[in-house]
Amino acid sequence: MAMAFLSQLNLQEILQTLSVLQWMPVYVFLGAIPIILIPYFLVFTKFWMVSVLALAWLAYDWNTHSQGGRRSAWVRNWTIWKYFQNYFPIKLVKTHDLSPRHNYIIASHPHGVLPYGTFINFATETTGFARIFPGITPYVATLEGIFWIPIVREYVMSMGVCPVSELALKYLLTQKGSGNAVVIMVGGGAEALLCHPGATTVLLKQRKGFVKVALETGAYLVPSYSFGQNEVHNQETFPEGTWKRFFQKALQDTLKKLLRLSVCTFHGRGLTRGSWGFLPFNHPITTVVGEPLPIPRIKKPNEETVDKYHALYINALQKLFDEHKVQYGLSETQELTVI
């Protein structure tokens, strides 16, 4: 059986598949509270010293992940990320320069079932971010819970990943000089439920926190859209009134209430092309980074000001989408839906 499997793949395909396989558990499972607590349950076993040392280091080093972390050019340039990129493949496209004299919030859309394009383009150097945007240091913002896990915390910090907390965002945008770009997946996990092949819907209409942070720090807002990110997984939403839909909704509601996780029922390809499984389909993902929107620095912006720049941002995102949709596989009539 093993020989039959290997005969269907060449070495490049095997390495590409393994590169994606090693990453998916980190993103899918490590946001769950029970997983986060596992290392500390060791305190009740003969390995209690491991938990004590982990907690001591976490307490000593607690502020690091909210102050830029410990980036590693070596990790960001690992060869494994090149195989990851080529699996789809993934590409980064610049439409305008980003001046190192400013700081930026790059809003990333859509989230996708899993944000493959956002990760590869901004958390690694595989697609050449440093070459394409010289003088700009990217930070990918994600759930803070992942920074409570020993070893994993060091792993994600080495790639320039930071918490999507007000404390961390404001530190990066006001305390580390200029030339910093924080990448925020504005729709979050809730938007993943909207991401299926053919969909171009973003959860943005009531998501205004990133605009407020931009105003408070004077960071320019930059729209970005990853074409193809919704195409790499199929989602199953069972018909209303069926027992499958009842259990699906019950599971989603329970996990959202207990763990603050938005869980979608998805599938893709298996270990070989054409088979069924949970790996993403081999479909191109192209992240297009748009024109920066200048934002004034206002210590305490009022609601009217936030709404004004939020509307300007939505217009900028829609313009970016319309200018590139045909080039990257969508029809001329396809529209970006903002909800």
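Everything here concerns the structure above.
Everything numeric in this text was worked out from a predicted model, so none of it was measured.

> What is the right way to read the environment of Ala73 from this model?
The residue Ala73 is located in helix H5 (residues 73-76) in this model. Counting along the chain gives 51 residues from Ala73 to Thr124, while the straight-line C-alpha distance between them is 8.6 Å.

> Got a minute to help me understand the side chain of Thr287 in this structure?
In this structure, Thr287 sits in strand E11 (residues 285-289). The class for Thr287 is buried, based on a relative accessible area of 0%. When sequence neighbours within four positions are dropped, the list of residues in contact with Thr287 reads Lys91, Leu92, Val93, Gly117, Asn121, Phe122, Ser224, Tyr225 and Ser226.

> How should I be thinking about unusual backbone geometry in this particular structure?
Where the residue is not glycine, phi is negative for most of them; where a peptide bond is considered, it is trans in most cases. Between Phe88 and Pro89 the backbone carries a cis peptide bond, its omega angle lying at 0°. Within the secondary structure, Pro89 is located in the loop between helix H6 (79-87) and strand E1 (90-94).

> It is not clear to me how the packing of aromatic side chains should be interpreted in this structure. Could you clarify?
The description of an aromatic ring pair rests on the distance of the ring centres and on the angle between the ring planes. Enumeration according to the criterion identifies 24 aromatic pairs in this entry. Site record: aromatic cluster; members linked through ring pairs are Trp23, Trp74, Trp78, Trp81, Phe84, Tyr87, Phe88, Tyr116, Phe119 and Tyr155. Note that Arg71 overlies the ring of Tyr139, its terminal NZ or CZ placed 4.8 Å from the centroid. Looking at Lys94, its charged tip hangs above the ring of Phe133, at a distance of 5.8 Å from the centre.

The rules behind the values
- Residues numbered from 1 in each chain as written.
- Predicted model: local features only at pLDDT ≥ 70, side-chain atom pairs only at ≥ 80, totals over all residues.
- Heavy atoms only, no water.
- Helix = DSSP H or I, 4+ residues; strand = E, 2+ residues; numbered from the N terminus.
- Buried < 20%, exposed > 50% of the residue type's maximum accessible area, 1.4 Å probe, protein only.
- Contact = heavy atoms within 4.5 Å.
- Phe/Tyr/Trp six-rings, centres within 6.5 Å; stacked < 30°, edge-to-face > 60°.
- Lys NZ or Arg CZ within 6 Å of the ring centre and 35° of its normal.

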